[in-house]
Amino acid sequence: MSGRRSTTDPRPAADTTSDVIRWAAFSCVLVPVILVWYGTSLAGAAGTALGLAAVTAVCRVLLRRSERCTAQRGGRHTKGETPVD
């Protein structure tokens, strides 16, 4: 069996938005831990965690909204303005 895929096999669509949100949530936990490790107060680290969580939540909403709008329009439309090689 060869390692190449046939052209008729559907490829699973990558959910890049979920990946971005997952990494952002990871940083919401990791950054305060590192701040405390290097001597920042717990209150300062907690404030940073809340700020990062708020930014992550807003970005998630905007990314999901963008996905819905793109899906409703049927994908990207270049209207012939972008040259294709």
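Caption draft 1: View of the side chain of T17. Following the sequence through the fold, T17 ends up in helix α1 (residues 16-37). A polar contact of 2.6 Å, which involves the side chain of T17, links it to the side chain of E67. When sequence neighbours within four positions are dropped, the list of residues in contact with T17 reads L63, R64 and E67.

Caption draft 2: Expanded view of the packing of aromatic side chains. Going through the model one piece at a time under the given rule, you end up with one aromatic pair. With centroids separated by 5.8 Å and ring planes inclined at 90 degrees, the aromatic side chains of W23 and F26 adopt a geometry described as edge-to-face. Taken as a pair, W23 and F26 lie in helix α1 at a separation of three residues, close to a single helical turn. What makes F26 partly exposed here is its relative accessible area of 45%.

Caption draft 3: Expanded view of the side chain of T56. Take T56: it is sitting in helix α2 (residues 42-73). Separated by 2.8 Å, the side chain of T56 and the backbone oxygen of L52 make a polar contact. In this structure T56 touches I21, A24, A25 and C28, once residues within four positions along its chain are discounted.

Caption draft 4: Broad picture of α2. With 32 residues, α2 ought to run about 46 Å at 1.5 Å a step, and its terminal C-alpha atoms sit 46 Å apart, in line with that. Within two residues after α2, G74 carries a phi angle of roughly 85 degrees, on the positive side.

Caption draft 5: The environment of V20, seen in detail. Take V20: it is sitting in helix α1. Sequence-wise, V20 and T56 are 36 residues apart; in three dimensions their C-alpha atoms are separated by 9.4 Å.

Caption draft 6: Inspection of the state of the cysteines at higher detail. Summed over all chains, the structure comprises zero disulfides. Of all cysteine sulfurs, the one in C28 lies closest to C59, which takes part in no disulfide; the gap is 9.9 Å. A relative accessible area of 36% means that C59 is categorised as partly exposed.

Cut-off values and rules
- Residues numbered from 1 in each chain as written.
- Predicted model: local features only at pLDDT ≥ 70, side-chain atom pairs only at ≥ 80, totals over all residues.
- Heavy atoms only, no water.
- Helix = DSSP H or I, 4+ residues; strand = E, 2+ residues; numbered from the N terminus.
- Polar contact = N/O pair within 3.5 Å; in protein donor to acceptor, adjacent residues only side chain to side chain.
- Contact = heavy atoms within 4.5 Å.
- Phe/Tyr/Trp six-rings, centres within 6.5 Å; stacked < 30°, edge-to-face > 60°.
- Buried < 20%, exposed > 50% of the residue type's maximum accessible area, 1.4 Å probe, protein only.
- Expected span 1.5 Å × (residues − 1).
- Disulfide = S-S within 2.5 Å.

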